[in-house]
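Read off the chains here:
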Amino acid sequence: MNEQAIVSSVVSAMLGKGFQVKTEIANFHRSADICLIDDEGEIWIIECKVSSISRAIEQSRTHKLAADKVFIATVHRKTTETIRDEIEKAGLGLLYVKPDGSVSEPIVMPKRNKPWRFARATLLSRMQGAE
Amino acid sequence: MVRHIYQYNTHTERGFFLGPEHHSLYDLIALNGNIVSHTPAGIAAFVSTTGKDFYIDPQTHAFQHSTIHLKRDISDKEKGEPPKYDFKPSVARLARERLGGIFASVIDRDRPISLKAFLSDDNVNNSVIESVCQSIGDFQLKTMVNELDEEAKDLIGDTSKITPQFLVAPYFYLSATKWQDWLKINSACYRKMKLFFRSKPVYFSLVMSKDVLDHHSGEIVSEISSLHPDGILLWIDDHREELLEEEEVQRYVSFLKQLRGVTSDLLNPHGGYLSTLLCHSEAGRLLSGVGHAMNYGEHRPVIPIGGGLPMAHFYFRSVHARLRFADAAAVFVGKNWLETVESYKQNVCKCRQCQELISLKTSAEAAFFAYGESSPITFARRTGAIVRLSYPTPDAKLVATNHYLYNKALEFSDVRSRGFGELVAELKSIYDDLTDDVGDECCSHLIKWHSVLKDFPKFEH
């Protein structure tokens, strides 16, 4: 399963929950793979990775500045216990995408951030302006 | 006197050199040969307006590398054409019309200058050296003057205003493998320039890889000392001072000390705050001047690395480094430094640009956000994936550059007016204050610089 397949699976699952979902939204010097607004009006960013989870944790620092919740989505059982601990420590959530394309409930629940209001407002307006 | 050098790379940067708020911030302008060749009359008008001293970097090393670095992609992307590279017109003009000889051959034959071009039976070919030196010296002295029409000459008046303060001898990059051969060529060029051009000081441009610095600095200094150069321009390839290990800082300082012994004017046109500190009188003025471009980093690679988009950065003077805007924001928001104007001024910055933004915006937070205003840009990766990133708006680029230049000027002012020991001690106190909050990656260079420089009096005297 490649990164694009992970993105497609997560997008389908989140649309299925009735969330407003966009892909590839500019957030500072990074591009957020998936941005969504959930049914409580919270903004999530989901970074999709086949590997290099440590790098995704590092990248999430930028996303935490703008989103209420930040997740990493990866292939089922791809992560080790250590990485799961690191994800939890970083306050991020973790989603698994199974080989059949279904998406798990969060394996690790993210902490709710206190994003910077200017960054959150910019991200929200970009989501609303995105096709 | 410590000289603060500004590099002038494009005409869009003109505003940062002129006007009362900028004019007093710098001392010397570094012009690149390409821009002088391409728009000599415009450059002449510019330098005469500034009234500042300047020099022209003839960029002879550019013709020594693979010619791909002198080219641009001229394919029609809209028609889906594959990449098609041709020489940049400005470079072709510089080589063919201004420099001639072996430089024109690079364009005509599409092959870089090799050592063989300078050798005859394994000896340096004097006639080639003479021809190169004559054209490079004439280029620096005469290009602007010769391109002016009578009206422009009347306007400028004294044409000495558009001749450089010193000439730069032809130079080539000292790579890890062929540094000895190229150093011989550079030395031969320097000697000949001194003979040919007696009306101006001639500077030796020392452009070298970090590897050569690490392993051959003694031999380099020994060779240069035999030339008794009027001045030296030092450029170490991609020498990012924030990333140096302690031993590398030590080696850099030792090298400067050795070079200082062979010339009275040692300039680093691509230096950061470490280099600026080394201009201090109590550090023996190891450097006499340091330069930088307009807010895209002090260090510079010899061979341009293609691609990459200019992203918003914020110069955080406490750590003497440019941080990506998001990284700076994460630190400042986390520390609550943006909550009040007082806190912003105390912890982030109180330069002229920050003060102006604070007075214009509704809050300190809004003032800081002005440095990161951006628009999304969309491009396709080689894989075909579409990516969107934030690109700074023109206003954000303008204020971020002003902020950078004001802070750089403050660093030079500190070096001129405060004690060396006090400035070095400050590196450690800032590191101690910030490391837990901003992470070691943002400020570990401060403690490495401190470790070397705190012993400097002992080391030096």
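Check the entry above for the structure.
In this report, we go over the structure that sits alongside the text.

What counts and how
Residues numbered from 1 in each chain as written. Chains lettered and ligands numbered in written order. Predicted model: local features only at pLDDT ≥ 70, side-chain atom pairs only at ≥ 80, totals over all residues. Heavy atoms only, no water. Phe/Tyr/Trp six-rings, centres within 6.5 Å; stacked < 30°, edge-to-face > 60°. Helix = DSSP H or I, 4+ residues; strand = E, 2+ residues; numbered from the N terminus. Buried < 20%, exposed > 50% of the residue type's maximum accessible area, 1.4 Å probe, protein only. Lys NZ or Arg CZ within 6 Å of the ring centre and 35° of its normal. Axes fitted to C-alpha atoms, helices over the stretch in contact; angles between N-to-C directions. Parallel < 35°, antiparallel > 145°, perpendicular 65-115°, else oblique. Left-handed = near helix turned anticlockwise from the far one by under 90°. Contact = heavy atoms within 4.5 Å. Nonpolar A, V, L, I, M, F, W, Y, C, P; charged D, E, K, R; others polar. Pairing = 2+ DSSP bridges. Bend = angle between axes of the 7 residues up to and from the residue. Polar contact = N/O pair within 3.5 Å; in protein donor to acceptor, adjacent residues only side chain to side chain. 1 Å grid on protein atoms, 1.4 Å probe; cavity = no way out; pocket = protein on both sides within 12 Å on 5 of 7 lines; lining within 4 Å. Points joined across faces, edges and corners; volume = space filled by probe spheres on them. Patch = residues over 30% accessible without salt bridge, like charges linked within 9 Å, V, L, I, M, F, W, Y side chains within 5 Å. Areas by Shrake-Rupley, 256 points an atom, 1.4 Å probe, with all protein chains shown as cover. Salt bridge = Lys/Arg side-chain N within 4 Å of Asp/Glu carboxyl O. Lys, Arg positive; Asp, Glu negative; His and termini not counted. Charge placed at Lys NZ, Arg CZ, Asp CG, Glu CD.

**Structural notes on the packing of aromatic side chains**
Here is step 1: According to the stated counting rule, one finds 32 aromatic pairs over all chains in the structure shown.
Here is step 2: Relative to Trp44 of chain A, the ring of Phe19 of chain A lies with its centre 5.5 Å away and its plane at 65 degrees, an arrangement referred to as edge-to-face. Residue Phe19 of chain A is found in the loop between α1 (3–16) and β1 (20–27), and its partner Trp44 of chain A is found in strand β3 (residues 43–49); the two are separated by 25 residues along the sequence. In this structure, Phe19 of chain A and Trp44 of chain A share a single accessibility class: buried.
Here is step 3: What links up through ring pairs into an aromatic cluster is the set Phe28, Trp116 and Phe118 of chain A together with Phe314, Phe316, Phe325, Phe332, Trp337, Phe368, Phe369 and Tyr371 of chain B.
Here is step 4: Over the face of the ring belonging to Tyr26 of chain B we find Lys52 of chain B, whose NZ or CZ atom lies 4.5 Å from the ring centre.
Here is step 5: When the ring centre of Phe87 of chain B is taken as reference, the NZ or CZ atom of Lys71 of chain B above it lies at 4.9 Å.

**Let's talk about the packing of helix α17 (residues 420–438) of chain B against helix α18 (residues 440–453) of chain B**
Helix packing for two helices is described by the angle between their axes and how far apart those axes are.
Residues and elements named next belong to chain B.
Here is step 1: The interhelical angle for the contact between α17 and α18, taken along N-to-C directions, is 150 degrees, at an axis separation of 8 Å. Taken together, α17 and α18 sit at an angle that is classed as roughly antiparallel. In the crossing of α17 with α18, the sense of the turn from one axis to the other is left-handed. Residues Phe420, Val424, Ala425, Leu427, Lys428, Ile430, Tyr431, Leu434, Thr435 and Val438 of α17 pack against Asp440, Glu441, Cys442, Cys443, Ser444, Leu446, Ile447, Trp449, His450 and Leu453 of α18.
Here is step 2: In the contact of α17 with α18, the residues fall into 14 nonpolar, 3 polar and 3 charged.

**Details of the sheet that holds strand β12 (residues 289–292) of chain B**
Residues and elements named next belong to chain B.
Here is step 1: Spatially, 8 strands are ordered β3-β2-β1-β12-β11-β10-β9-β8 in an open sheet, and the strand pairing comes out parallel. Because the sheet does not close on itself, it has two edges, and the strands there are β3 (53–57) and β8 (167–168).
Here is step 2: Bridge analysis of strand β1 (residues 3–8) against β12 gives 4 bridges, and the strand direction is parallel. Of the residues in β12, the one forming a bridge with Tyr6 is His292.
Here is step 3: Against the sheet, helix α8 (residues 179–196) engages β8 and β9 (202–208), with an angle of about 170 degrees to β9.
Here is step 4: On the sheet, helix α9 (residues 210–225) packs against β9 and β10 (231–236) and is oriented at approximately 150 degrees with respect to β9.

**Some thoughts on α9 of chain B**
Residue and element names in this part refer to chain B.
Here is step 1: Along α9, the sharpest change in direction is near 90 degrees and occurs at His216.
Here is step 2: When α9 is considered as a whole, its buried residues turn out to be Val212, Leu213, Ser217, Ile220, Val221 and Ile224.
Here is step 3: Along its buried surface, α9 packs onto α8, β9, β10 and α10 (246–260).

**A short note on the environment of Lys52 of chain B**
Residue and element names in this part refer to chain B.
Here is step 1: Here Lys52 lies in the loop between α3 (40–50) and β3.
Here is step 2: In the structure, Lys52 is positioned 65 residues away from Ala117 in sequence and 37 Å away in space, judged by C-alpha atoms.
Here is step 3: In this structure, Lys52 is in contact with His23, Ser24, Tyr26, Asp27, Ile29 and Val47, ignoring residues within four places of it in sequence.
Here is step 4: Here Tyr26 takes part through its backbone oxygen, which lies 2.6 Å from a polar atom of the side chain of Lys52.

**With respect to the sheet that holds strand β2 (residues 30–37) of chain A**
Residues and elements named next belong to chain A.
Here is step 1: Across the sheet, which stays open at both edges, the 5 strands sit in the order β1-β2-β3-β4-β5 with mixed pairing between neighbours. Strand pairing shows two members of the sheet lacking a second neighbour, β1 and β5 (93–97), which therefore form its edges. Within the sheet, the average angular offset between the axes of one strand and its neighbour, ignoring direction, is 35 degrees.
Here is step 2: Two elements, strand β4 (residues 69–75) and β5, share 5 bridges in a ladder whose sense is parallel. Paired with Phe71 across the strands is Gly93, a residue of β5.

**Let's talk about empty space enclosed by the protein**
Here is step 1: By the definition in use, this model includes 4 cavities of 30 Å³ or more.
Here is step 2: Roughly 90 Å³ of internal volume is contained in the largest cavity.
Here is step 3: Contributing to the lining of the largest cavity are Phe28 and His29 of chain A together with Met311, Ala312, Phe325, Ala326, Gly372, Ser374, Ser390, Tyr391 and Pro392 of chain B.
Here is step 4: Mapped by element, the contributors of at least two residues to the lining of the largest cavity are α12 (325–334) and β16 (386–392) of chain B.
Here is step 5: Looking at the lining of the largest cavity, the element that brings in the most residues is β16 of chain B, giving 3 residues.
Here is step 6: Looking at the lining of the largest cavity residue by residue, the class counts come to 7 nonpolar, 4 polar and no charged.
Here is step 7: As for the second largest cavity, its lining consists of Lys210, Leu213, Asp214, His239, Leu244, Glu248 and Arg251 of chain B.

**Section: a positive patch on the surface**
Residues and elements named next belong to chain B.
Here is step 1: A cluster of basic residues, Arg109, Arg111, Lys116 and Lys178, forms a positive patch at the surface.
Here is step 2: With respect to the element layout, Lys178 can be found in the loop between β8 and α8.
Here is step 3: Residue Lys178 is classed as partly exposed on the basis of its relative accessible area, which comes to 44%.

**So, the interface of chain A and chain B**
Interfaces are frequently sized by the accessible area removed from exposure as the parts join.
Here is step 1: Residue-level contacts link 18 residues of chain A with 23 residues of chain B.
Here is step 2: Connecting chain A to chain B are 3 salt bridges.
Here is step 3: Between Arg61 of chain A and Glu441 of chain B there is a salt bridge, with the nearest N and O atoms lying 3.2 Å from each other.
Here is step 4: Where chain A touches chain B, the interface holds 5 residue pairs in polar contact (both at pLDDT 80 or more).

**Some points on the pattern of salt bridges**
Residue and element names in this part refer to chain B.
Here is step 1: Tallied over the full model, the rule gives 29 salt bridges over all chains.
Here is step 2: Lys71 is the partner of Asp110 in a salt bridge, and the nearest nitrogen-oxygen pair spans 2.9 Å. Residue Asp110 is found in the loop between α5 (101–109) and β6 (119–120), and its partner Lys71 is found in strand β4 (residues 71–73); the two are separated by 39 residues along the sequence.
Here is step 3: Its relative accessible area of 16% is what places Lys71 among the buried residues.
Here is step 4: A salt bridge links Arg418 to Glu426, with the shortest nitrogen-to-oxygen separation between them at 2.8 Å.
Here is step 5: A relative accessible area of 24% places Glu426 in the partly exposed class.

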